[in-house]
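# Geometric and topological summary
Listed here are the chains, written in short residue letters.
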Amino acid sequence: MIANRLIRRVMISAVIVLAVASGFWFALAAREDGERKIMVVLKSVGADEAPDEEMEFWEIVRLGLRAASQEYGIDPIIVGPPRERDIEQQVEILAAVVAQKPAGVILAASDYEALAPLASEARNRGIALVTIDSAVAGDASASFVATDNLRAGEKAGRAMAELVAPDKPVAIISHIHGVATAIDRERGARGGLTESGEFRILGTYFAENNPDRAYEIAVHLMMEHTDLGGIVALNENTTVGTGRAIRDMGRSGEVKLVGFDHSKEEISFLEQGVIQALVVQKPFNMGYLAIQTLQRVMAGQRVEPFIDTGSRLIRKSNMYEPQNEKLLFPF
Amino acid sequence: MKGSSVSVVDRIASALKLRSIQGSITLALLVMVVIAIVFMGLTSYTVARRAIISTAHGYTGALVSQVRTSIDTYIANMESIAEVIHRDENVRGYLRNVNDPGSENALRYADSAASLLASISQTRDDISLLMVYGTPDRALFHDPGMRLNTYASLTDQKWFRAAQAEEGGAVISGSHVQNVVADRYQWVITLSREIREHADNELLGMLLVDLNFRVIEELASAIELGERGYVFIVGQNGDLVYHPQQQLIYSNLRHERIGDVLSHGSGSFTAQVRGEDRLYTVDAESDTNWKIVGVNYVDELITPAREIQVYFVLFGILCFLLVILLSLRLSVRISKPIQMLRESMKSVERGDFDIQVEVPGRTEVADLGRDFNIMISEIKALMKSNAEKQDEKRRSELRALQNQITPHFMYNTLDSIIWMAEGRQYDNVITMTSALGRLLRLSISQGEELVTVANEIEHVTNYLRIQQMRYADRLDYSIEVAEDVRRLKTLKVVLQPLVENAIYHGLRTRYGKGKVVIRAFADDDLVFTVSDNGSGMSEELVAGLLSKAMDDLPRRGRNGSGVGVRNVQERIQLYFGRQFGLAYEAEVGSGTTVAVRQPVMHSDDPAQ
């Protein structure tokens, strides 16, 4: 009888102790497993058979993502179509990602409209969403982390204004009509040009994101306007095409060129003096800030609806300064 | 053994009442446990933290110096390669003839020098570029396919100027993009050195050995310092040779304690960056004058110490529970015996003295229980002896009462005998005297208080005979005894006083013949009735007859017969209780009947 009662008491104590202890361990384990899933959908993760020039940009974004992930102790899963133009494939990928219901998604939309419905579905499911580089329609994204293209354009315009005598005309070659980045850069460039006085801007010409088309436009412009002071080209392809035209026409240094991005050819043109200045984005920062912003969103903190990852104007004279070297030559 | 869980809850609840014994015990234990746990937890945390940080410093220091040694090895290799190229006569020959490149000599030197560069680079993967440069703008590379980048003005390059300043000494430049080869941009560490004539120190040209920077990058990034820790390399002037987050630092998204690192020699320091403690371990021993820095996140390092805290909290909770259980157990051990003792005392209050408290164990309360048992048994013995004394007293009283009868009757009978002797009725004297003798024998010979009904009847018969003789024709009597009561027991000398009273009260005052009828029968009780046909009695007289007031006894001189009746009444009631005794039925003028009730007792029954 007494022995029985003793056993029972010991058992009750043991059960209580076990329950409390296991509660503790569960709490600990939950904290360890509480690392919430984060997925990144990029415009392009590259294809083996066709290494894309534009891939470099996303490689650097991923470096930034990795740096931030290490700092926050997370392990995001990065997915995306092989090439930037595979819009439908990106839609499918995003649909699969949203179906998995991760805690947070970082999205670089390859199309402003096509990905919007999925973005709002993600938001409705309580997934924290941050867009980078290119936005989507609607207000599903908590924050848009990207280069401020207006300001980048301004830098280009201002640089051109410094390079060219005010009486000479200037042209703008844009990569595509009606795309937000192109519109913003053009507006910025015009603003930067006319900031310190009236510039004669011949107009904005669209090159359909094709270097050959840009080449043709540039040759035509130089032939038509012999006093042409300079050209502002708004992305890599237009800059390369325009650069080739100026070199081939033997007008290096006479017709000033301010371009965007930093392909090897552009860097070479910059060294040769074909290009006077390049506006360079900061994709590493974009990746880093995307994770940082998403973490803040998931932690319930307020974030700015737009976060500028910055851009930098690089000339031949400062291209090998440490700050610029890393931007121009990420690897 | 009912609902243990409920009782546990109750016990916890009662244990938490601070006024109770176990409440105090619990509180004291808990306070002790909390103080001990907090003290031990904090101490062990502090000690563990200190130990962990010093271990981390040692560990990180070892890793960082390993990076430094490897870098120094690479640099030493570069220097020895530079030395080989620097001494090579073909290289010097090429440079001496650089202004006459078409000459046979120049071509021969150029060929030999180029093949030297090519063979050196073949043996070393880490070397990304070997170049011998002569002004103006002539260069030999390890790869004959390479051309000089004519847009990059070499003489303006940092590494070129640094080598010029050294005048023949080798200079190591920090990480940068090498652009001397057309369409080739590579991150490298550059060793540059002027080549001068041995004789007159005349400048011949410049040699360049580039180490692929990726080698350094891999070396530094391979070092794992926890989840988030990292290694970075700072040049002499505070420029970053390598930092995993160089771009963030340039964009001011991140801050690095470069100033602190520069002002420190080898060793470690902790600094706060964005609210987090970081442990910087610096190695400044490198031949390159670079500082290699390992950064640990203190938070991460002390996770084990944090775990120790968690264990202590766990342990503390365990102790809490243990204390509560222990105090419950204690309370049961203390309060349960007390409870048992109290229960026993209550039943003693109710009059149960047969109880024995069983308090197990050797505690003070168990001793108390044993003392209680001794006390109870002593009280019980006392009460028993008291009852015995009371009984004894009652018996002696009874005997005294019984003894009252004999002298009184003797007096009357002897009076009659004297009276008959005076009247010379000698036969009668003989009869009466022998009847008296039998009477005495019946009442004396048995010392018992109880006799059979038969004996009692015989006794009263002898008595009646004596009285008949005294009253001659004036007294008649009859005795009717039911056969089944003859063997029953009765208190002795019950009938004689009643008959005596009937004769004196009923018959003596009557003119004519008096008759006494005695009956014995049993209903629920044994009943004797004594009836006379005398003048009867008033109610006052009956009441007076049965009045228990012993103070009336001295009145017997005047009214002697009342003494006997009262005596019978008192004896029966002393012996059997108040519900038994006498009942008179009397009316003035029509006789008296007295009934005596006693309990039915068979002769084999024990008295009482």
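Provided above is the structure to which this section pertains.
The shown structure was predicted, so the numbers you read here are calculated from the model rather than taken from an experiment. (Residues numbered from 1 in each chain as written. Chains lettered and ligands numbered in written order. Predicted model: local features only at pLDDT ≥ 70, side-chain atom pairs only at ≥ 80, totals over all residues. Heavy atoms only, no water.)

## Overview of the packing of helix α3 (residues 89-96) of chain B against helix α4 (residues 104-123) of chain B
All names here are of chain B. Remark: α3 packs on α4, axes separated minimally by 8 Å, with the N-to-C direction vectors making an angle of 135 degrees. Judged on the interaxial angle alone, α4 and α3 are oblique. The handedness of the crossing between α3 and α4 is left-handed. Contacts between α3 and α4 pair Glu89, Asn90, Val91, Gly93 and Tyr94 from the former with Tyr109, Ala110, Ser112, Ala113 and Leu116 from the latter. Per-class residue counts for the contact of α3 with α4 are six nonpolar, three polar and one charged. (Axes fitted to C-alpha atoms, helices over the stretch in contact; angles between N-to-C directions. Helix = DSSP H or I, 4+ residues; strand = E, 2+ residues; numbered from the N terminus. Parallel < 35°, antiparallel > 145°, perpendicular 65-115°, else oblique. Left-handed = near helix turned anticlockwise from the far one by under 90°. Contact = heavy atoms within 4.5 Å. Nonpolar A, V, L, I, M, F, W, Y, C, P; charged D, E, K, R; others polar.)

## As for the packing of aromatic side chains
Where two aromatic rings form a pair, the distance of their centres and the angle of their planes describe that pair. Tallying each qualifying case throughout the model produces 13 aromatic pairs over all chains. When the ring of Phe144 of chain A is compared with that of Phe306 of chain A, the centres are 5.7 Å apart and the planes differ by 45 degrees; the resulting orientation is tilted. Of this pair, Phe144 of chain A sits in strand β5 (residues 143-146) while Phe306 of chain A sits in strand β11 (residues 306-308), and the two are 162 residues apart along the sequence. Centre to centre, the rings of Tyr230 of chain B and Phe232 of chain B are 6.2 Å apart; their planes meet at 35 degrees, and the pair counts as tilted. Across the pair, Phe232 of chain B and Tyr230 of chain B agree in class, each one buried. Through pairs of rings, three or more aromatic residues link up here, namely Tyr230, Phe232, Phe269 and Tyr280 of chain B. (Phe/Tyr/Trp six-rings, centres within 6.5 Å; stacked < 30°, edge-to-face > 60°. Buried < 20%, exposed > 50% of the residue type's maximum accessible area, 1.4 Å probe, protein only.)

## Examining unusual backbone geometry
Phi angles above zero are rare outside glycine, and Glu208 of chain A is one such case at about 55 degrees. Along the chain, Glu208 of chain A turns up in the loop between β7 (201-206) and α7 (211-224). Since its relative accessible area comes to 57%, Glu208 of chain A is described here as exposed. At Glu167 of chain B, a position not held by glycine, the phi torsion is positive, near 50 degrees. With respect to the helices, strands and loops of the structure, Glu167 of chain B is situated in the loop between α5 (158-166) and β3 (171-178).

## Points about the pairing of strand β14 (residues 514-522) of chain B
Residue and element names in this part refer to chain B. Of the pairings in the sheet, the one linking strand β12 (residues 475-481) to β14 comprises seven bridges and is parallel in character. Paired with Leu475 across the bridge in β14 is Gly514. Where β14 lies against strand β15 (residues 525-532), seven bridges are found, and the strand directions are antiparallel. Across the sheet, Phe521 pairs through a bridge with Val527, a residue of β15. Between β14 and β15, which pair antiparallel in sequence order, lie two residues. (Pairing = 2+ DSSP bridges.)

## Examining the sheet that holds β15 of chain B
Residue and element names in this part refer to chain B. Overall, mixed pairing links the five strands, which are arranged β12-β14-β15-β17-β16 in an open sheet. Among the strands making up the open sheet, the edge pair consists of β12 and β16 (581-586). Within this sheet the neighbouring strands show an average axis-to-axis angle of 15 degrees, counted without direction. Examined bridge by bridge, β16 and strand β17 (residues 592-599) share six bridges and lie antiparallel to one another. From the neighbouring strand, Gly581 faces β17, where its bridge partner is Arg597. This element, helix α13 (residues 453-471), spans β12, β14 and β15 of the sheet and lies at about 170 degrees to β12.

## So, the pairing of strand β3 (residues 104-107) of chain A
Looking along a regular strand, one sees side chains alternate from face to face of the sheet. Residues and elements named next belong to chain A. Taking every second residue as pointing to the same face, both faces of β3 are buried, with Gly104 and Ile106 on one and Val105 and Leu107 on the other. When β3 meets strand β4 (residues 128-132), the two strands line up parallel, connected through four bridges. Paired with Gly104 across the strands is Ala128, a residue of β4.

## Structural notes on the pattern of salt bridges
All names here are of chain A. Evaluation of the coordinates by the stated rule reveals 28 salt bridges over all chains. Lys43 is the partner of Asp133 in a salt bridge, and the nearest nitrogen-oxygen pair spans 3.1 Å. In this pair, Asp133 sits in the loop between β4 and β5 while Lys43 sits in the loop between β1 (38-41) and α2 (55-72), placing the two residues 90 residues apart along the sequence. In this structure, Asp133 and Lys43 share a single accessibility class: buried. One continuous salt-bridge network, built from bridges that share partners, spans Glu154, Arg158 and Glu195. (Salt bridge = Lys/Arg side-chain N within 4 Å of Asp/Glu carboxyl O.)

## What about the nonpolar core?
Residue and element names in this part refer to chain B. Grouped together as the largest cluster of nonpolar side chains are 72 residues, with contacts concentrated most on Ile71, Ile85, Val132 and Val209. A per-element tally of this core places helix α2 (residues 21-87) first, with nine residues. Ignoring sequence-local partners within four residues, the contact set of Val209 consists of Met78, Ile81, Ala82, Ile85, Ile127, Leu129, Leu130, Ile189, Thr190 and Leu191. Met432, Phe576, Phe580 and Tyr584 belong to the second-largest nonpolar core, a separate cluster that totals 49 residues. (Core = buried A, V, L, I, M, F, W, Y, C linked by side-chain atoms within 4.5 Å.)

## Considering the sheet that holds strand β7 (residues 240-242) of chain B
Through backbone hydrogen bonds, the strands of a sheet pair up, either in parallel or in antiparallel fashion. Residues and elements named next belong to chain B. Strand order in this open sheet of five strands is β7-β6-β10-β9-β8, and the pairing throughout is antiparallel. At either margin of the open sheet sits one strand with a lone partner, and together these are β7 and β8 (267-273). Averaged over all pairs of adjacent strands, the angle between strand axes in this sheet comes to 30 degrees, irrespective of strand direction. As judged from the six bridges shared by strand β9 (residues 276-283) and strand β10 (residues 291-297), these two strands associate in the antiparallel manner. When the sheet's bridge partners are listed, Val282 is paired in β10 with Val293. Against the sheet, helix α6 (residues 213-221) contacts β6 (230-234) and β7, and its axis sits at roughly 80 degrees relative to β7.

## With respect to the environment of Tyr74 of chain B
For Tyr74 of chain B, the location among the structural elements is in helix α2. Beyond its immediate stretch of four places on either side in the chain, Tyr74 of chain B contacts Asp126, Leu211, Val215 and Leu219 of chain B.

## Things to note about the side chain of Asp72 of chain B
Residue and element names in this part refer to chain B. Relative to the elements of secondary structure, Asp72 occurs in helix α2. Salt bridges are absent for the buried Asp72, whose nearest opposite-charge side chain, Arg68, sits at 4.6 Å. A polar atom in the side chain of Asp72 sits 2.8 Å from the side chain of Ser286. Apart from residues lying up to four places away in sequence, Asp72 is in contact with Glu285, Ser286, Asp287 and Thr288. (Lys, Arg positive; Asp, Glu negative; His and termini not counted. Polar contact = N/O pair within 3.5 Å; in protein donor to acceptor, adjacent residues only side chain to side chain.)

## Things to note about helix α4 (residues 116-124) of chain A
All names here are of chain A. Among all positions in α4, only Ala116, Leu118, Ala119 and Ala122 are buried. Around the axis of α4, the buried residues are gathered within 165 degrees of arc, so they sit on the same side. Relative to its buried face, α4 has exposed residues pointing more than 90 degrees away, namely Pro117 and Asn124. Summarising the contacts, the buried residues of α4 are in contact with α3 (87-99) and β4. At the C-terminal side of α4, Gly126 shows a positive phi close to 80 degrees. (Arc of directions from axis to C-beta.)

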